[in-house]
Structures are given as structure tokens and as C-alpha cells.
Amino acid sequence: MKKFVRIIPVNKLPEFQKRLGKWYRKNYRRLPWRETTDPYHIWVSEVMLQQTQVNTVLNYYSDFIRKYPDIHSLASADLQQVLKSWELLGYYGRARNLHKAAGIVAERFQGYVPVEYSQFRQLPGVGEYIAAAVSSLAFNAPYPVLDGNVKRVLARLFTIKEPVQRSSAYKLFRQAAAYIFDPDNPGQFNQAMMELGAVICRPRNPQCAVCPVLTFCQAYATGRQQDYPKKVARPKTPQYRIAV
């Protein structure tokens, strides 16, 4: 396992965090789940956003919250009706787990999303990313998030050479995220990192000229933005000529 290299000096971290936060407050996209601190609503949005684009989720989120405005309404709803509300979003296991988790929260926690990270993490469908996202955005708890957008930003900032989809690289990216994390503004920092990856530090043609943390980026400094994040090349699908 390669060690994480702290390219950004410790004394420069406050400036990095300040620039990122200022950019986010001025430029963030106005999305409905960003206009609330309700942990249930944030939880629903994060589940929907897994493997689904923002524009698609926008068409479902508000309707879902209207039908199931709180934990109790979701927990008492028929699963088939919940799946119907989820129709065409795909990955229906997300909806099943959310419905099951709502039942547990309604029964064990009186309908309140657990503030304690470890308790929330034990619920069905709640992995490290969702637990960190909801905890930081709703409760301002100091847990850095690590999704695809954040990993791409980190890979370019620190020129991380480990392939991003390799499981052995997870610890490296987690160390990098923790190193630059702003514990005084955890929710805003996490949102800013995700937003930076989504709209500026894009997979192709990153908008480096308007990046608020450009001067900290090692990939930009060496002109290798498109080389990161590193990925393991997928084997080509074999083609066979046959006669029937």
C-alpha cells in the first residue's frame, strides 16, 4: 500500500478550506435537499443520488417527500406502493432498504434518525458514504464524505496514483479526505467538495480556469489533469465469429 503524500502543507489548509467554502456559498446549485437540515429528507436524497444523476432525482425527490413526509409515513406505507413511487429510478434495493430502515427507526428510535453515527451506520442500506453525508449535513458531525466526485478531486489535488476503483486504494483516499477536511464546517465542506467534483473538476474537460483551489492542485501544476484519477483498464469484451 502506497502512503498518502501530504502535498498541501498543513499551514496552507486553512486557506484551502476558506477558498473552497467561499466558492461554494457563492456558486452552489439550489437543490431542494440543500434547503433543509431534516435528516430524513437528506437521507432520502442521498439514497436516490446513489448511481443516479441529479436531474433524474429532481423529478422524484419532491414527489416522494410529499407522499412520505416523515419516517412514520414511510415506515407504515406498503412496500409495493413505495416501489411504485421509485419506479424507473432503478436499483430498487435502495428503496427496499430505505423502507426497512424507516421501520427500524420508527420502532426503535421513535421516528428520529439516530444522531449517533454508529447506530445510523447499522441500518439497512446505510454505508459509510450515506452515514457520513447525513451525519455531517444534518447534524454537522465531523465525518468527511468520499464519493466518486470527491475521489476525483482528491486524485488530482494529490496526484494519487492508485486506481480509484481498486478496493486497496480506499484507505489512501480516506486519508486524503481526512487530511484536508474542515471539522469546523463539516456539512459545508462536504457539500463543497462534492459540488466541486460535479461542476468544476469534471471527468472530462475540467474547468480549471475557474477552480477556487487551482493553486493547490498538483495535477494542474504538472499539466496532467486528464491523467487522474487513475483507473484499472477493463478488459475488452471478447467477440467470437460463429456459424449456426
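A brief structural summary. No experiment lies behind these values; they were computed from the predicted model shown. (Residues numbered from 1 in each chain as written. Predicted model: local features only at pLDDT ≥ 70, side-chain atom pairs only at ≥ 80, totals over all residues. Heavy atoms only, no water.)

## Brief notes about empty space enclosed by the protein
Here is step 1: Taken as a whole and assessed by the stated rule, the structure comprises 1 cavity of 30 Å³ or more.
Here is step 2: Approximately 140 Å³ is the volume attributed to the largest cavity.
Here is step 3: Lining the largest cavity are 15 residues; nearest its centre among them are Arg-156, Cys-201, Cys-208, Cys-211 and Cys-217.
Here is step 4: For the lining of the largest cavity, the elements supplying multiple residues, two or more each, are helix 9 (148–158) and helix 11 (186–200).
Here is step 5: Ranked by residue count, the leading element in the lining of the largest cavity is helix 9, at 3 residues. (1 Å grid on protein atoms, 1.4 Å probe; cavity = no way out; pocket = protein on both sides within 12 Å on 5 of 7 lines; lining within 4 Å. Points joined across faces, edges and corners; volume = space filled by probe spheres on them. Helix = DSSP H or I, 4+ residues; strand = E, 2+ residues; numbered from the N terminus.)

## Overview of the pattern of salt bridges
Here is step 1: The final tally for this structure, using the stated rule, is 6 salt bridges.
Here is step 2: Among the ionic pairs, Arg-19 bridges to Glu-15, the shortest N-O distance being 2.9 Å. Within this pair, Arg-19 and its partner Glu-15 are both found in helix 1 (residues 13–27), separated by 4 residues, close to a single helical turn.
Here is step 3: A salt bridge links Arg-174 to Glu-128; its shortest N-O distance comes to 3.9 Å. Here Arg-174, found in helix 10 (residues 170–180), pairs with Glu-128, found in helix 8 (residues 128–139); they are 46 residues apart in sequence, far enough to count as distant.
Here is step 4: Exposure remark for Arg-174: the relative accessible area of 39% places this residue in the partly exposed category.
Here is step 5: The exposure class of Glu-128 is partly exposed, given its relative accessible area of 33%.
Here is step 6: When salt bridges that share partners are traced, they join Arg-29, Arg-34 and Glu-195 into one network. (Salt bridge = Lys/Arg side-chain N within 4 Å of Asp/Glu carboxyl O. Buried < 20%, exposed > 50% of the residue type's maximum accessible area, 1.4 Å probe, protein only.)

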